Amino acid sequence: MTNLLKTTAILVCCLCFSLTGKAQQDGTQDRAFWVETLTRIADPVLTNLSNNTLKKNMPYESLSKDRSDFSHLEAVGRLVCGIAPWLELGPDNTPEGQLRDKYIKLTVKGLKNAVNPESPDYLVFGKPYQPLVDAAFLAQGLLRAPKQLWGNLDPQAKEWMITELKRSRGIKPWENNWLLFASTVEAALLEFTGECDMDRLTYGVKKFRDEWYKGDALYGDGPAFHMDYYNSFVIHPMLTDVLLIMKKHNLEGADFAETQLPRHTRYAEQLERFISPEGTFPVVGRSIVYRFGAFHALAQASLMHILPERVKPAQVRCGMTAVIRNVMKSPKNFDANGWLRVGFTGEQIDMSESYINTGSVYLCAVGLLPLGLPATDEFWSAPYTEWTNLRAWNGESDVKADHALK
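As the structure is a prediction and not an experimental result, all values here were calculated from the model. (Residues numbered from 1 in each chain as written. Predicted model: local features only at pLDDT ≥ 70, side-chain atom pairs only at ≥ 80, totals over all residues. Heavy atoms only, no water.)

Applying the stated criterion to the full structure yields 19 aromatic pairs. One aromatic cluster is present, built from ring pairs that chain together Tyr 229, Tyr 230, Phe 233, Phe 274, Phe 281, Tyr 290, Phe 295 and Phe 344. Residue placement shows Arg 31 over the ring face of Trp 380; its charged tip is 5.2 Å from the ring centre. Taking NZ or CZ as reference, Arg 263 lies 3.4 Å from the ring centre of Tyr 213, over its face. (Phe/Tyr/Trp six-rings, centres within 6.5 Å; stacked < 30°, edge-to-face > 60°. Lys NZ or Arg CZ within 6 Å of the ring centre and 35° of its normal.)

Following this line, the structure appears as structure tokens:
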């Protein structure tokens, strides 16, 4: 009877664990899961690009048949944008540090192939219109890893990269979030060459600053407001990064960063509250098949240490870990060769738009930016912490009222 009671108690504990979602993991285990997720996503892209076989081996899946020329740059730019902060930590003697060393070398070699005009994997940067988008994500990635990526490119590769980034100047952006793609490319050129097209750098910043702010940390995607995650996918992360480069170079208009950073912080607070007690989030708006890339702005706020005071880094880690586990639990997220499928959690191409293809969905990598924080950072070292919705639905009394940004 005693053994039966012990077994029953264990089963009850396991059942309580599955119902509450309270992980018994510490940050070390969470980090290992995030690294495993990132490297599984990255491996086919970077291995093939470094071997000049990306165009040969990468599949093409889309509701549209006319975007295959752009798919490879989409995969590369978006993946590099997400993996860059982790790579920037550099190699060390730990297993993770050795893994970083492997992926730094793969990425640096692959990027040289991507901009080498004689390479089988020479990517399209100048053909309207999509390459402007992914030149910008690649540029943002280079800004996030100035030592390990930009710094490790040889002089010839740097020259080719600058040529390709400048080639995207021939693409006129639409009057919406696309303006920030042009701004981001110019910010990278300013940082790495000391020169830029000042109009392309600042025009989008001025539009969002002067015309498109809707209130409580939300911008319109152009004049209109859209209920989607583009404030997170693009607007806050790129606006913040561009302004910080402008500030670093003492450019007129950089003082807007003093307004933008609190807005970014507030929007990160909202995103944290979007995570349900079960570790899900609202499936709403365009490009939802970018999966947990919907949390780009929250991930960046964590990386930059600009979370609001009442949002503890560990609660973001635990909430996002729950989200990533839910999104990635379906074996249908990947095809038989390890490439991401188009879907939200699995193979769900009908949830996508016509501009989405295999390369597009690698924007999920930007949800993993906090891997750029060392394992000793509070984000990873603090014990398990419940996120806001979990605490609220558990009836905990210390959950504070939510207030709009004034």
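On we go from here.
What follows covers the nonpolar core. Counting residues in hydrophobic clusters, the biggest one holds 127 residues, and the most contacted among them are Trp 34, Phe 181, Phe 281, Phe 292 and Phe 295. Apart from the residues within four sequence positions on either side, Phe 295 is in contact with Ser 232, Leu 271, Ile 275, Phe 281, Met 320 and Val 323. (Core = buried A, V, L, I, M, F, W, Y, C linked by side-chain atoms within 4.5 Å. Buried < 20%, exposed > 50% of the residue type's maximum accessible area, 1.4 Å probe, protein only. Contact = heavy atoms within 4.5 Å.)

This brings us to the confidence of the model for the protein chain. In the predicted model, the protein chain carries a mean pLDDT of 94, and the fraction of residues at 70 or more is 94%. Confidence, read as mean pLDDT per element, is least for helix H1 (residues 2–20) in the protein chain (39) and greatest for helix H12 (residues 296–304) (99). In the predicted structure, residues 1–21 sits below a pLDDT of 50 and forms five contacts with residues beyond four places in sequence or in another chain. (pLDDT = per-residue confidence, 0-100. Helix = DSSP H or I, 4+ residues; strand = E, 2+ residues; numbered from the N terminus.)

Moving on, we get to the pattern of salt bridges. If you walk through the whole model with that rule in mind, you get 30 salt bridges. We note a salt bridge from Glu 96 to Arg 31, for which the minimum N-O separation is 2.7 Å. Of the two residues, Glu 96 is situated in helix H5 (residues 95–115) and Arg 31 in helix H2 (residues 27–50); the sequence distance between them amounts to 65 residues. Arg 391 is the partner of Asp 398 in a salt bridge, and the nearest nitrogen-oxygen pair spans 3.6 Å. Each member of the salt-bridge network shares a partner with another, and the members are Asp 216, Arg 266, Glu 269, Arg 273, Arg 310 and Asp 402. (Salt bridge = Lys/Arg side-chain N within 4 Å of Asp/Glu carboxyl O.)

Note on placement: Val 45 falls in helix H2. With relative accessibility at 0%, the residue Val 45 sits in the buried group. With 317 residues separating them in the primary sequence, Val 45 and Tyr 362 have C-alpha atoms 9.5 Å apart. Apart from residues no more than four positions distant in its own chain, Val 45 is found in contact with Leu 54, Ala 75, Val 76, Leu 79, Trp 339 and Tyr 362.

Owing to its 3.6 residues per turn, the α-helix aligns residues three or four sequence positions apart on the same side. An ideal rise of 1.5 Å per residue puts 22 Å on 16 residues; helix H13 (residues 313–328) measures up with 22 Å between its terminal C-alpha atoms. Most of H13 is tucked away: 14 of the 16 residues are buried. (Expected span 1.5 Å × (residues − 1).)

As a further point, take the UniProt feature "domain: DUF2264" (unreviewed entry) in the protein chain. Mapped onto the present numbering, the UniProt feature "domain: DUF2264" (unreviewed entry) falls at residues 30–387. Strand forms 1% of residues 30–387 and helix 53%; the C-alpha atoms that close the span are 15 Å apart. (UniProt positions renumbered as here; feature names shortened; annotations may be inferred.)

Put simply, Pro 128 and Tyr 129 share a cis peptide bond, and its omega is 0 degrees. Of note, the phi angle at His 305 is positive, near 60 degrees, even though the residue is not glycine. Topologically, His 305 is positioned in the loop between H12 and H13. By relative accessible area, His 305 is classed as exposed at 54%.

What follows is about the environment of Val 35. As for its placement among the helices and strands, Val 35 is situated in helix H2. On the accessibility criterion, Val 35 (9% relative accessible area) is buried. Along the backbone, Val 35 and Gly 293 are 258 residues apart, and their C-alpha atoms lie at a distance of 15 Å. Sequence-distant contacts of Val 35, defined by excluding residues within four places in its chain, comprise Trp 86, Glu 96, Leu 99 and Leu 371.

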